[in-house]
Amino acid sequence: MIIPAHNEASVISRTLAPLVSKEPGLFQIIVVCNACTDATVEVASSFAEVLVLKSDIPSKPNALNIGDRHASVWPRIYLDADIVAASESLVATARALARPGVHAARPAAQFDVDGAGLLVRAYYRTRQKIPSLQRAMWGAGVYGLSKTGHERLGRFPELKGDDLWVDRLFDEEEKTVVAVEPVRVRVPRTFRALVAISRRNVSGAREPGPSGPVSSAGGMFREVIGSIRSPRAVFDASVYILVALLARAGRRAEQRWERDDTSRS
């Protein structure tokens with residue numbers, strides 16, 4: 001398991017604790033601290049089973065590649081440093097990757113909206129209903145690759161959306177979302193932070209990928225409209241569409257990395 005971490009001292013402990021507490025030695029855990037200026041290295045190193053590596057380069061793809069060079073176990077799980085996952089869910093994901101023909105997989109995900117504002121909650125109520133996003137490898141903060149799947153990947157390219165790149169490498173029948181206890185994805189707590197993160201995601205989708213850039217949002221909007229089943233769903237869908245339009249109107253994310261610190265408090 002490879003966990004890239006940039007200044008994640010406030011959350012890395014809650015991520016590592018469930019992975020080492022129940023069955024010591026269950027996972028090969030590698031935390032790659034990239035350009036950290038806080039106590040991430042010290043906190044991660046307090047877990048005896050965790051291999052902590054350091055890089056001076058502030059790059060998630062580079063951290064993933066460093067982790068790959070030191071890892072020896074297949075299948076391989078990639079986990080964001082702020083995601084809380086039960087060890088059983090990751091074991092089930094690894095088992096799914098051992099099935100013939102399955103090269104990419106992730107556990108089910110649940111959005112943790114505790115403490116989030118009204119508009120943020122509305123956005124994620126709609127997002128949870130969009131079928132294509134429930135099947136995608138991106139957006140959950142965790143995914144795994146079989147050895148064969150990783151051979152197709154090669155190295156992680158220097159792009160913002162590593163999970164989007166992985167998702168686009170495989171046909172639908174080659175990837176799966178495992179029905180297990182969901183990982184907890186802490187969402188932005190403010191509307192402003194939500195829009196900023198959405199801009200980053202749009203920027204990542206615009207980058208060239210294995211099948212070319214993702215350019216059309218028409219299909220997504222049709223799914224959003226199709227999710228409306230009640231008056232509240234009309235409001236929720238309106239918020240989702242507003243965020244999507246604001247994200248596509250912004251260009252700042254293409255110049256710099258947008259990071260959400262509201263979910264890390």
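Structure: see above.
Residues numbered from 1 in each chain as written. Predicted model: local features only at pLDDT ≥ 70, side-chain atom pairs only at ≥ 80, totals over all residues. Heavy atoms only, no water.

**Focus on the overall build of the protein chain**
From N to C terminus, the protein chain includes 11 helices and seven strands. Per-residue burial over the protein chain gives 53% buried out of 265 residues. Considering only residue pairs separated by 6 or more positions, the protein chain has 77% of its internal contacts joining residues 24 or more positions apart. Entry remark: accessible area of the protein chain is about 12,200 Å², with carbon and sulfur atoms responsible for 55%. (Helix = DSSP H or I, 4+ residues; strand = E, 2+ residues; numbered from the N terminus. Buried < 20%, exposed > 50% of the residue type's maximum accessible area, 1.4 Å probe, protein only. Contact = heavy atoms within 4.5 Å. Areas by Shrake-Rupley, 256 points an atom, 1.4 Å probe, with all protein chains shown as cover.)

**Remarks on the layout of surface pockets**
If you add up the space inside the second largest pocket, you get close to 210 Å³. Lining of the second largest pocket is provided by Met1, Leu26, Phe27, Gln28, Val73, Trp74, Pro75, Arg76, Ile77, Leu90, Val91 and Ala94. At the level of elements, strand E4 (76–79) and helix H4 (87–97) are the ones that each hand at least two residues to the lining of the second largest pocket. When residues in the lining of the second largest pocket are grouped by element, the largest group, three residues, is from H4. Residues of the lining of the second largest pocket, tallied by class, amount to 10 nonpolar, one polar and one charged. (1 Å grid on protein atoms, 1.4 Å probe; cavity = no way out; pocket = protein on both sides within 12 Å on 5 of 7 lines; lining within 4 Å. Points joined across faces, edges and corners; volume = space filled by probe spheres on them. Nonpolar A, V, L, I, M, F, W, Y, C, P; charged D, E, K, R; others polar.)

**Here we look at the pattern of salt bridges**
Applying the stated criterion across every chain yields a total of 10 salt bridges. Residues Lys60 and Asp80 are paired through a salt bridge, measuring 3.0 Å at the closest nitrogen-oxygen approach. Of the two residues, Lys60 is situated in helix H3 (residues 60–70) and Asp80 in the loop between E4 and H4; the sequence distance between them amounts to 20 residues. By relative accessible area, which is 22% here, Lys60 ends up partly exposed. Through salt bridges with shared partners, one network takes in Asp112, Arg184, Arg186 and Arg189. (Salt bridge = Lys/Arg side-chain N within 4 Å of Asp/Glu carboxyl O.)

**Quick word on helix H8 (residues 162–169)**
With eight of eight residues buried, H8 lies mostly within the body of the structure. Of all the residues in H8, the buried ones are Asp162, Asp163, Leu164, Trp165, Val166, Asp167, Arg168 and Leu169.

**Some details on empty space enclosed by the protein**
Enumeration according to the criterion identifies two cavities of 30 Å³ or more in this entry. Of the pockets and cavities examined, the largest cavity occupies roughly 60 Å³. If you trace the largest cavity, you find it lined by Pro4, Lys60, Leu64, Tyr78, Leu79, Asp80, Gly141, Val142, Tyr143, Asp162 and Asp163. Counting only elements with at least two residues in the lining of the largest cavity, the list comes to H3, E4, strand E6 (142–145) and H8. Its residues assigned to classes, the lining of the largest cavity shows six nonpolar, one polar and four charged.

**Remarks on the side chain of Ser55**
Summarising the element assignment, Ser55 is placed in strand E3 (residues 50–55). Setting aside chain neighbours within four positions, we find Ser55 in contact with Cys33, Asn34, Ala35, Asn62 and Ile66.

**Brief notes about H4**
One turn of the α-helix equals 3.6 residues, which is why residues spaced by three or four share an orientation. Across the 11 residues that make up H4, a large majority, eight, are buried. Burial in H4 covers these residues: Ser87, Ser89, Leu90, Val91, Ala92, Thr93, Ala96 and Leu97. Where H4 is buried, its residues touch helix H1 (12–20), E4, strand E5 (104–112), E6 and strand E7 (175–186).

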